[in-house]
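Here are the chains, one letter per residue:
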Amino acid sequence: MFTLMSGAYRYFTKQDEYNVLVLGLDGAGKTTLLEKIKYTTTGISGMSPEKIQPTVGVNIAKAHIQRRLVKFLDLGGQEDLRGIWNSYFSDSHAILFVIDSGNKKRMDEALSVLLTLSRAHELEQVPFLVLANKLDINDITALAQVKELVNGAADNFDNRSVRVLGASAVTGEGVQVIINWLFNSMLENNNLRPPLSSEF
Ligand SMILES: Nc1nc2c(ncn2[C@@H]2O[C@H](COP(=O)(O)OP(=O)(O)OP(=O)(O)O)[C@@H](O)[C@H]2O)c(=O)[nH]1
Ligand SMILES: [Mg+2]
């Protein structure tokens, strides 16, 4: 009886919580994307892209999806800020790695940072979504190039779920698909990386 009551209490007062870390080089479009994720999940317009400044701390967007709380944590991508990323690894359930798909000069740097993440012990078995961003100003071959880059490094990702998708954080094209993929991947990964629990 007590178990039944505490189960019911938990059902009404607690919810599963998942954390998505939004990472990538500076200027990739992480914060612009976060604002679009906020808009897509709540309908409330976020900050307009021209008002967004380079991130120094952390920006958070909270989405309620099917009785779960999904938190998106957007961290600054400048080189000297990347050292703090790992303090968020142990509580994360997915990585959303954003790439400026039109910036060929920084593609190798982006891949190198992505591969460093894939080797982090605390991120083992955490799903990775690699996002070819800024497709509104780049042609579709930019997405194919990011896919080729990630596929070429497939051995580094072991058994974890990895997907490359394209989007525009400015127009919002592709953003719902990103949210769906992340949400489903985190649920499928429940055994390996269980959700946290938070009060309603
Ligand atoms: N055309 C276009 N521009 C974008 C897109 N996403 C971001 N931008 C622009 O790219 C620049 C950098 O965007 P931010 O969102 O600040 O990049 P960030 O990854 O958060 O950068 P840091 O906070 O320094 O790590 C801004 O001028 C944005 O307007 C996109 O999808 N399309
Ligand atoms: Mg930012």
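As the structure is a prediction and not an experimental result, all values here were calculated from the model.

Undergrad: Help me out: how do you make sense of the overall build of the protein chain in this one?
TA: A tally of regular secondary structure across the protein chain gives five helices and seven strands. Order of helices (α) and strands (β) in the protein chain, N terminus to C terminus: α-β-α-β-β-β-α-β-α-β-α-β. Compactness check: the protein chain gives a C-alpha radius of gyration of 17 Å against a globular reference of 16 Å for 200 residues, within 12% of the reference. Counting over 200 residues, the protein chain shows a buried share of 45%. Relative to all contacts within the protein chain whose residues are 6 or more apart in sequence, the contacts with residues 24 or more apart total 76%.

Undergrad: How should I be thinking about the coordination of the magnesium ion (ligand 2) in this particular structure?
TA: The expected angle between donors at a tetrahedral four-coordinate metal is 109.5 degrees. At an octahedral six-coordinate metal it is 90 or 180 degrees. Distances from the magnesium ion (ligand 2) to its protein donors, namely Thr31 (OG1) and Thr55 (OG1), fall within the range 2.0 to 2.1 Å. You can see Thr31 sitting in helix 2 (residues 30-42) and its partner Thr55 sitting in the loop between helix 2 and strand 2 (58-65), a full 24 residues away along the chain. Judged by its relative accessible area of 11%, Thr31 is buried.

Undergrad: Would you mind going over the packing of aromatic side chains with me for this structure?
TA: How two aromatic rings sit relative to each other is set out by the distance from centre to centre and by the angle between their planes. Taken as a whole and assessed by the stated rule, the structure comprises one aromatic pair. The ring of Phe128 carries Arg160 above its face, with NZ or CZ at 4.4 Å from the centroid.

Undergrad: Teacher, can you tell me more about the nonpolar core here?
TA: One broad trend across soluble globular proteins is that nonpolar side chains are buried collectively. Ranked by size, the top nonpolar core spans 31 residues in total, and within it Leu23, Ile95, Phe97 and Leu117 carry the most contacts. Where this core is concerned, the elements lending two or more residues are strand 1 (14-24), strand 3 (68-75), strand 4 (94-100), helix 3 (107-118), strand 5 (128-133) and helix 4 (141-152). In terms of nonpolar packing, the next biggest core, distinct from the first, is built from 27 residues, Leu34, Phe72, Ile179 and Phe183 among them.

Undergrad: In this structure, what is going on with the side chain of Glu17? I would like to understand it.
TA: Residue placement: Glu17 occurs in strand 1. For Glu17, a relative accessible area of 9% translates into the label buried. Polar contacts involving the side chain of Glu17 include one to the side chain of Lys71, which spans 3.3 Å. Filtering out sequence-adjacent residues up to four positions away, Glu17 remains in contact with Leu69, Lys71, His93, Pro195, Leu196 and Ser198.

Undergrad: What is the right way to read the pattern of salt bridges from this model?
TA: Side-chain pairs of opposite charge can arise whenever the charged atoms involved come near each other. All told, the structure shown has seven salt bridges when counted by the stated rule. Across the pair Arg106 and Asp26 runs a salt bridge, and its minimum N-O distance is 3.0 Å. Placement of the pair is Arg106 in the loop between strand 4 and helix 3 and Asp26 in the loop between strand 1 and helix 2, with a sequence separation of 80 residues. Overall, Asp26 belongs to the partly exposed group, its relative accessible area being 27%. Connected through shared salt-bridge partners, Asp26, Arg82, Arg106 and Glu109 make up one network.

Undergrad: Looking at this structure, how should I read the UniProt feature "binding site: Mg(2+)" (unreviewed entry) in the protein chain?
TA: When the UniProt feature table is mapped onto this chain, "binding site: Mg(2+)" (unreviewed entry) is found at Thr31 and Thr55. Considering the C-alpha atoms alone, the annotated residues occupy 25 residues of sequence yet fold into one spot, their largest mutual distance being 7.5 Å. The contacts of Thr31, once residues within four sequence positions are left out, are Ile52, Thr55, Asn59 and Asp74. With sequence-adjacent residues up to four places away left out, Thr55 is seen in contact with Thr31, Asp74, Leu75, Gly76, Gln78 and Leu81.

Undergrad: Teacher, can you tell me more about the pairing of strand 3 here?
TA: Side-chain direction in a regular strand flips from residue to residue, so the side chains alternate between the two faces of the sheet. Burial analysis of strand 3 places seven of its eight residues in the buried class, which makes it a mostly covered element. Bridge analysis of strand 1 against strand 3 gives six bridges, and the strand direction is parallel. Its bridge partner being in strand 3, Leu21 is matched across the sheet by Leu73. One ladder, built from eight bridges, connects strand 2 with strand 3; its direction is antiparallel. When the sheet's bridge partners are listed, Val58 is paired in strand 3 with Leu75. As consecutive antiparallel partners, strand 2 and strand 3 are separated by two residues, and within that stretch Gln66 has a phi angle of approximately 45°, a positive value.

Undergrad: Even after reading the chapter, I still don't get the site of ligand 1, so can you show me in this structure?
TA: What surrounds ligand 1 is a group of 21 residues, the closest being Lys30, Thr32, Thr55, Gly77 and Asp136. One nitrogen or oxygen atom from the side chain of Lys30 is found 2.7 Å from an oxygen atom belonging to ligand 1. Thr32 is positioned with one of its side-chain polar atoms (N or O) 2.6 Å from an oxygen atom of ligand 1. Within the complex, 82% of the 650 Å² of free accessible area of ligand 1 lies under protein. In terms of residue count, the dominant contributor to the shell around ligand 1 is helix 2 (three residues).

Analysis parameters
Residues numbered from 1 in each chain as written. Chains lettered and ligands numbered in written order. Predicted model: local features only at pLDDT ≥ 70, side-chain atom pairs only at ≥ 80, totals over all residues. Heavy atoms only, no water. Helix = DSSP H or I, 4+ residues; strand = E, 2+ residues; numbered from the N terminus. Rg over C-alpha atoms; globule rule 2.2 N^0.38 Å. Buried < 20%, exposed > 50% of the residue type's maximum accessible area, 1.4 Å probe, protein only. Contact = heavy atoms within 4.5 Å. Donors = N, O, S within 2.8 Å, 3.2 Å for Na, K, Ca; no water. Phe/Tyr/Trp six-rings, centres within 6.5 Å; stacked < 30°, edge-to-face > 60°. Lys NZ or Arg CZ within 6 Å of the ring centre and 35° of its normal. Core = buried A, V, L, I, M, F, W, Y, C linked by side-chain atoms within 4.5 Å. Polar contact = N/O pair within 3.5 Å; in protein donor to acceptor, adjacent residues only side chain to side chain. Salt bridge = Lys/Arg side-chain N within 4 Å of Asp/Glu carboxyl O. UniProt positions renumbered as here; feature names shortened; annotations may be inferred. Pairing = 2+ DSSP bridges. Near = heavy atom within 4 Å. Areas by Shrake-Rupley, 256 points an atom, 1.4 Å probe, with all protein chains shown as cover.

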